[in-house]
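Letter by letter, the chains look like this.
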Amino acid sequence: MGIKIGDINVLVDPFITGNDLAKDKININDLKADYILLTHAHQDHTLDAEEIAKNTGAVIVSNFEIANHYEEKGIEVHPMNHGGNWEFEFGKVKYVNAIHTSSFPDGKYGGQPGGFVIEGEHKNIYIAGDTALTMDMKLIPHHTTLDLAILPIGDNFTMGVEDAIIASDFVECDKVLGCHYDTFGYIEIDHEEAKRKFFDEGKDLMLLEIGGSLEL
Ligand code: NI
């Protein structure tokens with residue numbers, strides 16, 4: 001997923017060349033990136049990070065272990081860890097808790113998984129990463145009034161729709177962009193049913209097409 005903040009292109013968890021839904025629609029050589037945020041080390045979040053970083057010179061921002069992994073490959077990195085903030089040129093980023101796992105495809109330790117809260121110049125976004133519903137989400141609105149929450153909704157490996165609706169309450173943001181669904185058989189969802197469930201709770205669930213975009 002890509003987020004454009006001012007002139008800065010921030011890519012999050014690029015998984016394109018191994019993704020049957022995306023590989024014919026997006027050419028990774030065309031992607032612009034100044035920063036690549038990685039929530040955790042799983043292949044469906046990191047597969048194309050190295051190549052895109054090398055193509056673009058983007059800085060990889062992630063937890064300490066994932067940052068070290070890419071620094072050893074000669075990529076510029078910015079390591080963070082849970083609860084920490086850093087002022088980047090596109091805004092303040094906080095690495096927040098997620099309940100999931102985070103190994104690299106070869107089994108190497110990928111630190112603890114996380115999510116990101118980005119406070120941009122005008123808009124604030126929560127990128128949950130892969131996670132279960134967790135009470136820690138209630139901490140986010142103590143610091144940040146969100147304009148958008150990007151939440152996993154595919155179930156099986158992460159929250160499903162029902163828990164994502166509760167997560168939306170916890171982070172106090174009714175505008176939700178769904179992620180982590182349909183990529184594999186385990187996480188295929190009924191789009192209309194998911195949207196209706198959010199709508200019935202007075203919330204807005206947006207589901208983008210591959211290559212699609214929305215403006216905040
Ligand atoms: Ni994962």
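The model shown is predicted, which means the values in this text are computed figures rather than measured ones.

Draft legend 1. Inspection of helix α6 (residues 191-200) at higher detail. Two to three positions downstream of the cap, the backbone nitrogen of Glu-192 sits 3.1 Å from a side-chain oxygen, assigning the N-cap of α6 to Asp-190. At the C-terminal side of α6, Gly-202 shows a positive phi close to 75°.

Draft legend 2. Up close: the packing of helix α5 (residues 161-170) against α6. Axis separation between α5 and α6 bottoms out at 10 Å; the angle between their running directions is 35°. Handedness of the α5/α6 crossing: right-handed. For the pair formed by α5 and α6, the contact residues are Val-161, Glu-162, Ala-164 and Ile-165 on the first element and Ala-194, Lys-197 and Phe-198 on the second. Partitioned by chemical class, the residues of the contact of α5 with α6 number five nonpolar, no polar and two charged.

Draft legend 3. Summary view of the packing of aromatic side chains. In the structure shown here, the tally under the stated rule is seven aromatic pairs. Members of the aromatic cluster, connected to one another through ring pairs, are Tyr-35, Phe-88 and Phe-90. Seen from the ring of Phe-104, Lys-108 lies directly overhead, with NZ or CZ sitting 5.6 Å from the centre. Its end group placed over the ring of Phe-170, Lys-138 keeps NZ or CZ at 4.6 Å from the ring centre.

Draft legend 4. Representation of the pairing of strand β4 (residues 59-63) within the structure. Among the five residues that make up β4, five are buried, leaving the element largely enclosed by the rest of the structure. Where strand β3 (residues 35-37) lies against β4, three bridges are found, and the strand directions are parallel. Residue pairing in the sheet places Leu-37 in a bridge with Val-61 of β4. Sheet topology places β4 next to strand β5 (residues 77-80); four bridges connect them, and they run parallel. What sits directly across from Asn-63, in β5, is Met-80. Between β4 and its parallel partner β5, the chain crosses via helix α3 (residues 64-71), and the hand of that crossover is right-handed.

Draft legend 5. The arrangement of the coordination of the nickel ion in detail. Note on the nickel ion: its protein donors are His-40 (NE2), His-42 (ND1), His-100 (NE2) and Asp-130 (OD). The metal-donor distances range over 2.2 to 2.3 Å. For the nickel ion, the four donor atoms are set out with angles of 89 to 178° between them, so the coordination reads as irregular. One chain supplies every donor to the nickel ion, and in sequence these donors are spaced H-x1-H-x57-H-x29-D. With His-40 in the loop between β3 and α1 (43-46) and Asp-130 in the loop between β9 (124-127) and α4 (140-143), this residue pair connects regions lying 90 residues apart in the sequence. The two residues His-40 and Asp-130 agree in class, both being buried.

Draft legend 6. Layout of the state of the cysteines. Under the counting rule described, the total for this entry stands at zero disulfides. A disulfide-free cysteine, Cys-173 has its sulfur positioned 13 Å from the sulfur of Cys-179, the nearest such atom. A residue is classified by how much of its surface remains accessible, and Cys-179, at 18% relative accessible area, is buried.

Draft legend 7. Structural context of the sheet that holds strand β1 (residues 2-5). Taken in spatial order, the five strands make up an open sheet running β1-β2-β3-β4-β5, and their pairing is mixed. The sheet is open, and its two borders are formed by β1 and β5, each paired with just one other strand. Averaged over all neighbouring strand pairs, the angle between strand axes comes to 20°, with direction disregarded. The strands touched by α3 are β4 and β5; relative to β4, the strand with the most contacts, the crossing angle is about 145°.

Draft legend 8. Examining helix α2 (residues 49-56) more closely. Buried within α2 we find Ala-49, Ile-52 and Ala-53. Down the axis of α2, the buried set is contained in an arc of 100°. They therefore lie on one face. The secondary structure elements touched by the buried residues of α2 are β2 (8-12), β3, α1, β4 and α3. At the exit of α2 stands Gly-57, carrying a positive phi of roughly 75°.

Thresholds applied
- Residues numbered from 1 in each chain as written.
- Predicted model: local features only at pLDDT ≥ 70, side-chain atom pairs only at ≥ 80, totals over all residues.
- Heavy atoms only, no water.
- Polar contact = N/O pair within 3.5 Å; in protein donor to acceptor, adjacent residues only side chain to side chain.
- Helix = DSSP H or I, 4+ residues; strand = E, 2+ residues; numbered from the N terminus.
- Axes fitted to C-alpha atoms, helices over the stretch in contact; angles between N-to-C directions.
- Left-handed = near helix turned anticlockwise from the far one by under 90°.
- Contact = heavy atoms within 4.5 Å.
- Nonpolar A, V, L, I, M, F, W, Y, C, P; charged D, E, K, R; others polar.
- Phe/Tyr/Trp six-rings, centres within 6.5 Å; stacked < 30°, edge-to-face > 60°.
- Lys NZ or Arg CZ within 6 Å of the ring centre and 35° of its normal.
- Buried < 20%, exposed > 50% of the residue type's maximum accessible area, 1.4 Å probe, protein only.
- Pairing = 2+ DSSP bridges.
- Right-handed = clockwise from strand over helix to strand, strands pointing away.
- Donors = N, O, S within 2.8 Å, 3.2 Å for Na, K, Ca; no water.
- Tetrahedral: all angles 85-135°; square planar, octahedral: opposite > 155°, others 65-115°.
- Disulfide = S-S within 2.5 Å.
- Arc of directions from axis to C-beta.

Honestly, it's all geometry; don't read function into it.
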